[in-house]
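# Coordinate analysis (summary)
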Amino acid sequence: MFEVLVYVYENYWQGDACPELHRLGRKLTAAGFDAEEIQAALVWLDGLNVAAQGTQISLPAKSLQDTGQPLIAAHAIQPQSAGSLRVYSVAEQTHLGAQSLGFVSFLESSGVLPPHMREIVIDRAMAAPGDPVTLDDLKIIVLMVYWSFGEEPDALVLDELCDDTEFRIAH
């Protein structure tokens, strides 16, 4: 599944340039991917689309008195307060593993993964195969979350996400 996601990321970098899922499935078949991998990736991408569309940071409501229409509260996620703490469930700890959770914490504490995106990363990681999810797979998930918002990670973050740690030499 992750090979398909990398292909989608590389070929449709702007998320809005990506075709609808049924057309994307045909394009992936033409590219030579296995039907099972395509189906798993399309289900995963559908969940990503739903999560990204449903996640909006709420802004203060504007008065519509000028138009005479009643004020309607929109469903939106409130920004996280500075003193809040994210506690991971046992299932999340088990499925993500210490290495992946540490990386999410690193990205969040570095200020490059806002709380609303962190929650989507956790949600999509929980929907991904693997027990625990490997760090390389989590990095792909983070890239896909950025992709779903139409954002490009900072160059240093992108380097960290795309770095192959297998050949890294510690100084």
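Everything here concerns the structure above.
The following paragraphs examine the structure supplied in this document. (Residues numbered from 1 in each chain as written. Predicted model: local features only at pLDDT ≥ 70, side-chain atom pairs only at ≥ 80, totals over all residues. Heavy atoms only, no water.)

### So, the side chain of His95
- Here His95 lies in helix H4 (residues 90-109).
- The class for His95 is buried, based on a relative accessible area of 12%.
- A distance of 3.2 Å separates a polar side-chain atom of His95 from the backbone oxygen of Gly130.
- A distance of 3.1 Å separates polar atoms of two side chains, one belonging to His95 and the other to Asp131. (Helix = DSSP H or I, 4+ residues; strand = E, 2+ residues; numbered from the N terminus. Buried < 20%, exposed > 50% of the residue type's maximum accessible area, 1.4 Å probe, protein only. Polar contact = N/O pair within 3.5 Å; in protein donor to acceptor, adjacent residues only side chain to side chain.)

### Focus: the pattern of salt bridges
- Taken as a whole and judged by the stated rule, the model has 5 salt bridges.
- In this structure, Glu92 engages Arg86 in a salt bridge whose closest nitrogen and oxygen atoms are separated by 3.0 Å.
- Judged by its relative accessible area of 13%, Glu92 falls in the buried class. (Salt bridge = Lys/Arg side-chain N within 4 Å of Asp/Glu carboxyl O.)

### What to know about the packing of H4 against helix H6 (residues 135-148)
- Viewed as axis vectors pointing N to C, H4 and H6 meet at an angle of 40°, and their least axial separation amounts to 9 Å. In this structure, the crossing between H4 and H6 has a hand that is right-handed. Counted together, Gln99, Ser100, Phe103, Val104 and Leu107 of H4 and Leu135, Leu138, Lys139 and Val142 of H6 form the full contact between these two elements.
- Taken together, the residues of the contact of H4 with H6 break down into 6 nonpolar, 2 polar and 1 charged. (Axes fitted to C-alpha atoms, helices over the stretch in contact; angles between N-to-C directions. Left-handed = near helix turned anticlockwise from the far one by under 90°. Contact = heavy atoms within 4.5 Å. Nonpolar A, V, L, I, M, F, W, Y, C, P; charged D, E, K, R; others polar.)

### Considerations on the nonpolar core
- Of all hydrophobic cores here, the largest spans 42 residues; its most connected members are Leu5, Val8, Trp44, Leu45, Leu138, Ile141 and Met144.
- Counting only elements with at least two residues in this core, the list comes to helix H1 (2-11), helix H2 (21-30), helix H3 (35-54), H4, helix H5 (115-126) and H6.
- No other element matches H6, which puts 10 residues into this core. (Core = buried A, V, L, I, M, F, W, Y, C linked by side-chain atoms within 4.5 Å.)

### Some details on H3
- Taking 1.5 Å as the rise per residue, H3 with 20 residues should run 28 Å; its terminal C-alpha atoms sit 28 Å apart, in good agreement.
- Restricting attention to buried positions, one finds in H3 the residues Ile38, Ala41, Leu42, Trp44, Leu45, Gly47, Leu48, Ala51 and Ala52.
- The secondary structure elements touched by the buried residues of H3 are H1, H2, H5 and H6. (Expected span 1.5 Å × (residues − 1).)

Shape descriptors only; they carry no functional weight alone.
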